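Summary of the model geometry
Residues per chain are reported as follows:
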Amino acid sequence: MAPKLKFAEGEKVLCFHGPLIYEAKCLKSSVTKDKHVRYLIHYAGWNKNWDEWVPESRVLKYNEANVQRQKEVQRAHSAQPAKTKKTPAKGRRSEAAANSTPAREESRASTPAGKDVESTPAPTKASKTQSKDVPADSGSDQPKKKRGRLDLSIESEEQYLAKVEVKIKIPEELKVWLVDDWDVITRQQKLAILPAKLTVAQIVDNYLAFKKSSKLHNQAKESVLVDITEGIKEYFNATIGSQLLYKFERPQYSEILQEYPDTPLSQIYGSIHLLRLFAKMGPMLAYTALDEKSLQHVLSHIQDFLKYMVTNRSTLFNLQDYGNATPEYHRKVQ
């Protein structure tokens, strides 16, 4: 027996996109083989390129109570501190840079701007360079110099405007973890247990070892693979503090810096923070001077890494990796 649909085609609704809630419209509905209901959602005021199929759990009735919930979520999200950054007064670049807040940037409460968690931030109307699936961060600083081996140097305005759209597609199997992560941190106010059982550095090294052991591994291209993986670790170290944390995690971050002053943060934080990086990396890469061919090469490796994370998600992600914050910690956050 087919499950009963909660929403009708053409119905005005509200929809989670990462941690934020947006006004939307149900275009179509479908039922999967395992009896799960999905809806094709169009976000009000957004280009149809942002239309997406979502599970029923992300859709809300459009009523007064849920509109109020939307506003409360927006206020909580906007309350996260964002560092100011000088950006050009015109062009796509300024809008993309301005929209670099945690988990799916927002431009207004009624439009999809930041679920990213999908963990993390959504794009702005004028800029498709914002990844549709992005996670949470608490700053808007973009890298201003080379980070690691990916040669992420800043480009000119002309180069930026001429650059192709940068998209990193977060697999559905991982998006759910970005959503859960946002809920656990911001609503339940728990913290990732650090140092992580499996750190970013270990995950990246395990991926490299996996690729080297593959029958399809090309010895001639191994140095490129090493550069890419080392670049991911270095880029993580450079952006964790300014891009990848929720407000509630900042005191913990300060404690980690004091307790492990000489340890790279990729050896402290784990899989969920690495996933947040990938969710935000699309917009970040739009600020690099990589030519199109090099950029596509980097993106292909990132997508392959995400496939690896999907395959190993039962090992990488576990709600038991979060713990309760102490009363003293809560006082620090206030």
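Details of the structure are given in the entry above.
What counts, and at which threshold
- Along each chain, residue indices are assigned from 1 in the same order as the chain's sequence is written.
- Since the coordinates come from a predicted model, pLDDT governs what is reported: local features require at least 70, and pairs of side-chain atoms require 80 or more to be given and counted, while whole-chain, interface and lining totals use all residues.
- Think of the side-chain values as coming from all heavy atoms in the structure, minus any hydrogens and water.
- The pairing criterion for strands is at least two bridges between them, as found by DSSP.
- Labels follow the DSSP assignment, with helices taken as runs of H or I lasting at least four residues and strands as runs of E lasting at least two, numbered in each case from the N terminus.
- Axes here refer to lines fitted to C-alpha atoms; in helices the fit is confined to the stretch in contact. Angles between the N-to-C directions go from 0 to 180 degrees.
- Under the pairing criterion, centres of Phe, Tyr and Trp rings, with the six-membered ring standing for Trp, must be within 6.5 Å; the plane angle then separates stacked pairs below 30 degrees from edge-to-face pairs above 60, leaving the rest tilted.
- Accessible area is worked out with a 1.4 Å probe on protein chains only. A residue is then buried under 20% of its type maximum, exposed over 50%, and partly exposed in between.
- Here a residue-residue contact requires only that any non-hydrogen atoms of the pair lie within 4.5 Å.

**Digging into the sheet that holds strand S3 (residues 37–43)**
Read from one edge of the open sheet, five strands run S4-S3-S2-S1-S5, paired in antiparallel fashion. The two strands at the open ends of the sheet, each matched to only one other strand, are strand S4 (52–55) and strand S5 (59–61). Here the strands of the sheet are splayed against their neighbours by 50 degrees on average, with no regard to which way each runs. Of the strand pairs in this sheet, strand S1 (residues 12–17) and S5 are connected by three bridges, and their pairing is antiparallel.

**Comments concerning the packing of aromatic side chains**
As enumerated under the stated definition, the model contains eleven aromatic pairs in all. Between tyrosine 207 and phenylalanine 305 the ring centres are 4.4 Å apart and the planes differ by 35 degrees, which places this aromatic pair in the tilted class. One end of the pair, tyrosine 207, is in helix H5 (residues 200–213); the other, phenylalanine 305, is in helix H9 (residues 292–311), and 98 residues separate them in sequence. Like tyrosine 207, the residue phenylalanine 305 is buried in the burial classification.

**Concerning the environment of valine 67**
In this fold, valine 67 is placed in helix H1 (residues 64–78). In this structure valine 67 comes out as buried when scored by relative accessible area, which is 17%. Residues valine 67 and leucine 14, spaced 53 residues apart in sequence, show a C-alpha to C-alpha distance of 7.8 Å. Discounting chain neighbours no more than four positions away, the residues touching valine 67 are Leu14 and Tyr62.

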